[in-house]
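Each chain, letter by letter, is given below.
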There are 4 protein chains.
Amino acid sequence: MECHNWLRLKRTVRFGDTDAAGVIQFHQLLRWCHEAYEESLERFGIGATEIFPRPEWSRGTPSDEQAAPDRSQPALTIALPIVHCSADFQRPLVCGDPLSISLQPRQLDPGGFEVIYRFACAGQTAAQGLTRHRAITIATRQGCGLPAAISTWLAASRPGAEMIQEPEQSQPAQA
Amino acid sequence: MECHNWLRLKRTVRFGDTDAAGVIQFHQLLRWCHEAYEESLERFGIGATEIFPRPEWSRGTPSDEQAAPDRSQPALTIALPIVHCSADFQRPLVCGDPLSISLQPRQLDPGGFEVIYRFACAGQTAAQGLTRHRAITIATRQGCGLPAAISTWLAASRPGAEMIQEPEQSQPAQA
Amino acid sequence: MECHNWLRLKRTVRFGDTDAAGVIQFHQLLRWCHEAYEESLERFGIGATEIFPRPEWSRGTPSDEQAAPDRSQPALTIALPIVHCSADFQRPLVCGDPLSISLQPRQLDPGGFEVIYRFACAGQTAAQGLTRHRAITIATRQGCGLPAAISTWLAASRPGAEMIQEPEQSQPAQA
Amino acid sequence: MECHNWLRLKRTVRFGDTDAAGVIQFHQLLRWCHEAYEESLERFGIGATEIFPRPEWSRGTPSDEQAAPDRSQPALTIALPIVHCSADFQRPLVCGDPLSISLQPRQLDPGGFEVIYRFACAGQTAAQGLTRHRAITIATRQGCGLPAAISTWLAASRPGAEMIQEPEQSQPAQA
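Right, let's walk through the structure included here. Model, not experiment: these values are computed from the prediction. (Residues numbered from 1 in each chain as written. Chains lettered and ligands numbered in written order. Predicted model: local features only at pLDDT ≥ 70, side-chain atom pairs only at ≥ 80, totals over all residues. Heavy atoms only, no water.)

The next subject is the overall build of chain A. Helix and strand counts for chain A stand at four helices and seven strands. Listing every helix and strand of chain A by position from the N terminus yields β-α-α-β-β-β-β-β-β-α-α. Across the 175 residues of chain A, 54% fall into the buried class. Sequence-distant contacts in chain A: of pairs separated by 6 or more residues, those separated by 24 or more amount to 64%. For chain A, the accessible surface area stands at approximately 7500 Å², while carbon and sulfur atoms represent 52% of it. (Helix = DSSP H or I, 4+ residues; strand = E, 2+ residues; numbered from the N terminus. Buried < 20%, exposed > 50% of the residue type's maximum accessible area, 1.4 Å probe, protein only. Contact = heavy atoms within 4.5 Å. Areas by Shrake-Rupley, 256 points an atom, 1.4 Å probe, with all protein chains shown as cover.)

On to the state of the cysteines. Should the sulfur atoms of two cysteines be covalently bonded, the bond is a disulfide. One pass over the full model with this rule turns up zero disulfides over all chains. With no disulfide of its own, B:C85 lies 6.4 Å from the sulfur of D:C85, the closest cysteine sulfur. The cysteine D:C144 is free of any disulfide, with C:C95 supplying the nearest cysteine sulfur at 19 Å. Given the relative accessible area of 22%, D:C144 is considered partly exposed. (Disulfide = S-S within 2.5 Å.)

This paragraph deals with the pairing of strand β4 (residues 98–109) of chain C. Residue and element names in this part refer to chain C. Across five bridges, the pairing between strand β1 (residues 8–12) and β4 is antiparallel. When the sheet's bridge partners are listed, K10 is paired in β4 with S100. Hairpin geometry of β4 and strand β5 (residues 112–121) is characterised by an intervening segment of two residues between the two adjacent antiparallel strands. (Pairing = 2+ DSSP bridges.)

So, on to the interface of chain B and chain C. At the interface, 12 residues of chain B touch 12 residues of chain C. Here chain B meets chain C over a buried area of about 1000 Å², counting both sides, of which 64% is carbon and sulfur. Looking at the side of chain B facing chain C, the largest losses of area belong to B:F15, B:A20 and B:W57, adding up to 45% of the total buried there. There are zero salt bridges connecting chain B and chain C. (Buried area = accessible area lost by both parts, 1.4 Å probe. Salt bridge = Lys/Arg side-chain N within 4 Å of Asp/Glu carboxyl O.)

What follows is about the relation of the copies chain A and chain B. The operation relating chain A to chain B is a screw motion whose rotation component is 180°, with 0.0 Å of axial translation and a residual RMSD of 0.0 Å. Here the copies are linked by what is in effect a two-fold axis. Measuring from the rotation axis to each C-alpha of chain A, the shortest distance belongs to A:R11, at 5.9 Å. (Least-squares fit on C-alpha atoms with pLDDT ≥ 70 in both.)

Right, let's talk about the packing of aromatic side chains for a bit. Using the criterion set out here, one finds 28 aromatic pairs over all chains in the structure. When the centroid spacing of 6.1 Å and the interplanar angle of 85° are considered together, the rings of A:F113 and A:W153 count as edge-to-face. Here A:W153 lies in helix α3 (residues 148–157) and A:F113 lies in strand β5 (residues 112–121), a separation of 40 residues in the sequence. Across this residue pair, the class does not change: A:F113 and A:W153 are buried. C:R141 extends its terminal NZ or CZ atom over the ring of B:W57, reaching a point 4.3 Å from the ring centre. (Phe/Tyr/Trp six-rings, centres within 6.5 Å; stacked < 30°, edge-to-face > 60°. Lys NZ or Arg CZ within 6 Å of the ring centre and 35° of its normal.)

Quick look at the interface of chain A and chain B now. The partner chain B presents 31 residues to the 31 residues of chain A that form the contact. When chain A packs against chain B, close to 2500 Å² is buried across both sides, 54% of that on carbon and sulfur atoms. The interface formed by chain A and chain B includes three salt bridges. Put simply, chain A and chain B have six residue pairs in polar contact (both at pLDDT 80 or more) between them. Among the elements that make up the side of chain A that touches chain B, the one with the highest residue count is helix α1 (residues 26–44) of chain A (six residues). For the side of chain A that touches chain B, the residue count by class is 13 nonpolar, seven polar and 11 charged. (Polar contact = N/O pair within 3.5 Å; in protein donor to acceptor, adjacent residues only side chain to side chain. Nonpolar A, V, L, I, M, F, W, Y, C, P; charged D, E, K, R; others polar.)

With respect to the secondary-structure elements, B:S86 resides in strand β3 (residues 82–89). Residues in contact with B:S86, not counting those within four places in the same chain, are B:L30, B:Q128, B:G129, B:L130, D:H84, D:C85 and D:S86.

For the rest of this paragraph, the subject is the relation of the copies chain B and chain C. One copy of the chain maps onto the second through a rotation about an axis and a displacement along it. Superposing chain B onto chain C takes a rotation of 180° combined with a translation of 0.0 Å along the rotation axis, leaving an RMSD of 0.0 Å. Counting the interface residues of chain B, we find that 100% of their copies in chain C are interface residues as well, pointing to one common contact surface.

Residues and elements named next belong to chain A. Here L29 shows up in helix α1. L29 sits 30 residues away from R59 along the chain, and the two C-alpha atoms are 31 Å apart. Those residues in contact with L29 that lie beyond four places of it in its chain are I24, A87, F89, F119, A127, Q128 and G129.

Attention now goes to helix α1 (residues 26–44) of chain C. Residue and element names in this part refer to chain C. Taking 1.5 Å of rise per residue, the 19 residues of α1 would be expected to cover 27 Å, and the 28 Å separating its terminal C-alpha atoms lies within 8% of that figure. Across the 19 residues of α1, 17 count as buried, placing the element largely inside the fold. In the segment just after α1, G45 is the residue with positive phi, at about 115°. (Expected span 1.5 Å × (residues − 1).)

Let us look at the packing of α1(C) against helix α3 (residues 148–157) of chain C. Residues and elements named next belong to chain C. In contact at an axis separation of 11 Å, α1 and α3 are set at 90° when each is read in the N-to-C sense. It follows that α1 is roughly perpendicular to α3 by the angle criterion. Counting all contacts with α1, which are made through Y37, S40, L41 and F44, the residues of α3 involved are I150, T152, W153 and A156. Classifying every residue of the contact of α1 with α3 by side-chain character gives six nonpolar, two polar and no charged. (Axes fitted to C-alpha atoms, helices over the stretch in contact; angles between N-to-C directions. Parallel < 35°, antiparallel > 145°, perpendicular 65-115°, else oblique.)

As structure tokens, this is what we get:
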């Protein structure tokens, strides 16, 4: 079963997600997909600093008491830009609709992965999104292998993965 | 004290909230303010259908089994457009920063109210937002009194309000 | 050739389109696609009021001197929601990049059409988007035929169409 | 008079700028403000690379034929974050409304400036925005003086400035 807590998220449709037709703006769904991907990594135990670029001055050192706790990271060397995305819309979503989001991450090859996001409301699929990512070395923008943290998340997210191993990283970083 | 659970929210800075300077885009903060206002009403027990417009076809009837549970509402007659907003930025926020948001709603006159939103990270104020709303009759766009649900929320949110009365509506609608 | 002036647009990447990796946020591209579709209709001579829903109070009458000139439209009966979209990203785009956008609209069947959007910078394709729309009757949300204005735009936008006929509507509504 | 072509801009309200109330989302106005500020600098002759941060790999050299023409810039040392913003809304704006935007930039002190943006539709003010910026050294995030290009733009934008001098930089960089 694929009931990992980092692959089952919730969000509510907000007023600013809608347009004058009263339903969600189509491209907001893809914003939600990326936020779900970020939240999934966070729940799995992978900090934003491990994956997403930040300005140099925001990376504190262990002795930097001013910096927030999770800012003491070296500069990233790998980025994971989206090379393809898509979305399908089955039912209209309106302001206040409570959504459950289920994620299916999948490694495609040594340097790429994709995530399928299913959005359901009142038990029925309302929309589905997909993002496809490719690892590149930031300095050269050449393809490279996935960061270790992403590989671990992908392996643990495979259907049936939890029966074989329950890695320590699967403890959520925050409630 | 002003520690009502509907006035203390949390959110995490997401990658899409940032720009090429590595910090949040200033106008996203005002989107967060509105989402915090919506979440506060929701936690207080006021459904989105009571306050925010929806398309006519989405308002089901109790016998409409296709409609989501909370869609059986009559058409709204009052809107609460924002007539003024502002924001102040004290510290830069970067991707992954965990934020606590505290809201201070306040009635201004029979037809208007404002909400101050304080965003803190690691115990320090990072930014502050303000939205000022005015009640209007949707059909005529003339000023009118606040909807009863908003008045209740404003009264219960006043500093010290909980010592005098704890209205039933203050139970959160969802966890 | 497909060099109609309503199928060749320009825009510049703005700072708010980027994220902390310094490149455009992927979902902004799909927002650009929809704005290009709207601008294309506008240049072709189709007013926003003919296609996009507006609040009832904003529809003035010819004698309504307060209303803006193009607000004297009856309520829409047909909506054109997006049922599918996708995007592919070939090259990174950064703040300030000047883009040329070429649109290829295409009717799919009596009630549906799609638009392909090619984004080029410095002569090279940087990204491609696609939106697929389906006509529905707003009141019932059942499928229906395309609005006449959209059919005219689709016919005039076909490759080679201008050799056979140059409809009057193809004069741009504004420069 | 303040009729410089870099202080008078146009844009059209797009469908994605609206919400389910049929009018523009309040925070979009502040996005428009920033885009107007960027377009104003561009028309004045200040390239995005001079003011807005970009990733290191995107800065080409004169011999780099792959890079777009305006990418051959050194790394920025000064950023201009917004420390305060506000907006006032007088009239509702709906999809398709043509807007004229007039900007009033003003230096506040050696390290700060603000811009007032007036949005008019059909000759009547619909909304007004304000952004206040402060110059900081990126590496240290300490206050510093404004970049020379911004000072020139501010001086040329002062009411009456064109009667005294019409600097060469005031020729628009692009039509």
